Amino acid sequence: KYYPPDFDPSKIPKLKLPKDRQYVVRLMAPFNMRCKTCGEYIYKGKKFNARKETVQNESYLGLPIFRFYIKCTRCLAEITFKTDPENTDYAMEHGATRNFQAEKLLEEEEKRLQKEREDEELNNPMKVLENRTKDSKLEMEVLENLQELKELNQRQAHVDFESMLRQYKDYEEEQRRLELEEDEREMKAMLEQAQSRRLLEDSSSDEEPAPAKSCAKTKFTDLLLEDLGPQAKKPKLESWERSLGKLSNKAKLSGLVAAKRKSHSSVANGMGNQNVPLGPGAESRSTENVAGDSPLPSGSNEGTSSSLSLLGVYSDSEDSKSD
């Protein structure tokens, strides 16, 4: 930019702007507030396009005080607040109420009481003495409380928190182990009960036919007539008797053999019917011959004679052939 050598800035005419003119600035809400019109909460740090102006006839130690105009985000109602350089803060003016202001009010109250006390002490020396005695009593009480707290901390300092935690952990492990043992004991008891029940059922199923026999044997004669020998030997004895006959009856066997010999010899010699003592088998054959009036051959009585008698006849036939 070029400035001529005869340039004089004082000769430039100045614009006469009003002192209360407004500027549009971008700012953030300095505190939490609530709109009085709609009840909308506006939190601290929310950004607004605000209008700024200088407050007329107000200043603090030569510092000007500024006023800001913003609009509610919900109802567009106008909210105003201004700077407070005395307390390094902002003061709410119109359109909203400030939230969380109790701490600030408490601080202001404390400051007011302190100022009143100082004013009283300046004019009344007795009041100064009273305030000193009160302060000394308060200090003694504070020291006593502090000493009690120190003693309490020393008492608690002897306690080993790690050992306490270790003991608690051991106790929990012991309780867990006892619970596991109790569960195992209950399971074993249940298994034993199930096994005993199964054994009882098996024994009862095995012993079911025994009571029937005991009930059937109500008479002593049945016990006497019952064959106590093993039943497995009976079929063998019956098959032996069926094939060879009873060997215990020697008289009958001897009679059979003798009768066969004599009957064969008498037939060979032509002597038909003679009074010869015969066995039971031969006697039966003689009676049949008498009834039929004809001699019966030896092979016709195979169904009634035993296998031993056939053996006897076979031996007699061999003897006759040899003769």
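Only a predicted model underlies this, so the values are computations on that prediction, with no experimental measurement involved.

Caption draft 1: Representation of the overall build of the chain within the structure. Each helix and strand counted, the chain has 9 helices and 8 strands in total. For the chain, long-range pairs separated by at least 24 residues make up 39% of all intrachain contacts whose partners lie at least 6 apart in sequence.

Caption draft 2: Inspection of the nonpolar core at higher detail. Residues Leu27, Met33, Ile42, Ile70, Ile79 and Phe81 are the most contacted members of the largest nonpolar core, which totals 15 residues. Elements supplying a minimum of two residues to this core: strand 2 (33-35), strand 4 (47-60), strand 5 (63-71) and strand 6 (78-84). When neighbours within four sequence positions are excluded, Phe81 is seen to be in contact with Leu27, Pro30, Phe31, Phe66, Arg67, Phe68, Ile70, Tyr90, Ala91, Met92 and Glu93.

Caption draft 3: Focus on a nonpolar patch on the surface. Together, Met140, Leu143, Leu146, Leu149 and Leu152 make up an exposed nonpolar region whose accessible area comes to about 460 Å². Looking at Met140, the relative accessible area reads 48%, which means it is partly exposed.

Caption draft 4: Looking closely at the sheet that holds strand 1 (residues 23-28). Spatially, 1-4-5-6-7 is the arrangement adopted by the 5 strands of the open sheet, whose pairing is antiparallel. This sheet does not close on itself; its edge strands, each paired only once, are strand 1 and strand 7 (89-94). On average, each strand axis in the sheet is inclined to that of its neighbour by 40°, with strand direction left out of account. Bridge count for strand 1 against strand 4 is 6 bridges, and the pairing is antiparallel.

Caption draft 5: Structural view of the pairing of strand 4. Where strand 4 meets strand 5, 6 bridges bridge the pair, whose relative direction is antiparallel. Bridge pairing links Thr54 to Phe66 in strand 5. Between the end of strand 4 and the start of strand 5, which pair antiparallel, lie 2 residues, with Leu61 showing a positive phi angle near 55°.

Caption draft 6: Quick look at a negative patch on the surface. On the surface, a cluster of negative charge is made up of Glu179, Glu182, Asp183, Glu184 and Glu186. Position of Glu184 relative to the elements: it lies in helix 3 (residues 161-206).

Caption draft 7: Seen up close, the pattern of salt bridges. Tallied over the entire structure, the rule returns 13 salt bridges. Of the charged contacts in the structure, one is a salt bridge between Glu40 and Arg74, with a shortest N-O distance of 3.7 Å. On the criterion of sequence distance, the pair formed by Glu40 in the loop between strand 2 and strand 3 (41-42) and Arg74 in the loop between strand 5 and strand 6 is long-range, its members being 34 residues apart. A residue is classified by how much of its surface remains accessible, and Glu40, at 24% relative accessible area, is partly exposed. A salt bridge links Arg177 to Glu174; the nearest nitrogen and oxygen atoms lie 2.2 Å apart. Taken together, the residues Arg177 and Glu174, both in helix 3 and 3 residues apart, mark about one turn of the helix. On the accessibility criterion, Arg177 (39% relative accessible area) is partly exposed. Overlapping salt bridges bring together Glu53, Glu58, Arg67, Lys82 and Glu93 as one network.

Caption draft 8: Representation of the environment of Ser59 within the structure. Within the fold, Ser59 resides in strand 4. In sequence terms Ser59 and Glu86 are 27 residues apart; their C-alpha atoms lie 9.8 Å from each other.

Caption draft 9: Inspection of the packing of aromatic side chains at higher detail. One pass over the structure, following the stated rule, counts 4 aromatic pairs. Relative to Phe7, the ring of Tyr3 lies with its centre 5.2 Å away and its plane at 55°, an arrangement referred to as tilted. Within the aromatic cluster, the residues linked to one another by ring pairs are Phe31, Phe68, Phe81 and Tyr90. Lys52 extends its terminal NZ or CZ atom over the ring of Phe66, reaching a point 4.6 Å from the ring centre.

What counts as what
- Residues numbered from 1 in each chain as written.
- Predicted model: local features only at pLDDT ≥ 70, side-chain atom pairs only at ≥ 80, totals over all residues.
- Heavy atoms only, no water.
- Helix = DSSP H or I, 4+ residues; strand = E, 2+ residues; numbered from the N terminus.
- Contact = heavy atoms within 4.5 Å.
- Core = buried A, V, L, I, M, F, W, Y, C linked by side-chain atoms within 4.5 Å.
- Buried < 20%, exposed > 50% of the residue type's maximum accessible area, 1.4 Å probe, protein only.
- Patch = residues over 30% accessible without salt bridge, like charges linked within 9 Å, V, L, I, M, F, W, Y side chains within 5 Å.
- Areas by Shrake-Rupley, 256 points an atom, 1.4 Å probe, with all protein chains shown as cover.
- Salt bridge = Lys/Arg side-chain N within 4 Å of Asp/Glu carboxyl O.
- Pairing = 2+ DSSP bridges.
- Axes fitted to C-alpha atoms, helices over the stretch in contact; angles between N-to-C directions.
- Lys, Arg positive; Asp, Glu negative; His and termini not counted.
- Charge placed at Lys NZ, Arg CZ, Asp CG, Glu CD.
- Phe/Tyr/Trp six-rings, centres within 6.5 Å; stacked < 30°, edge-to-face > 60°.
- Lys NZ or Arg CZ within 6 Å of the ring centre and 35° of its normal.

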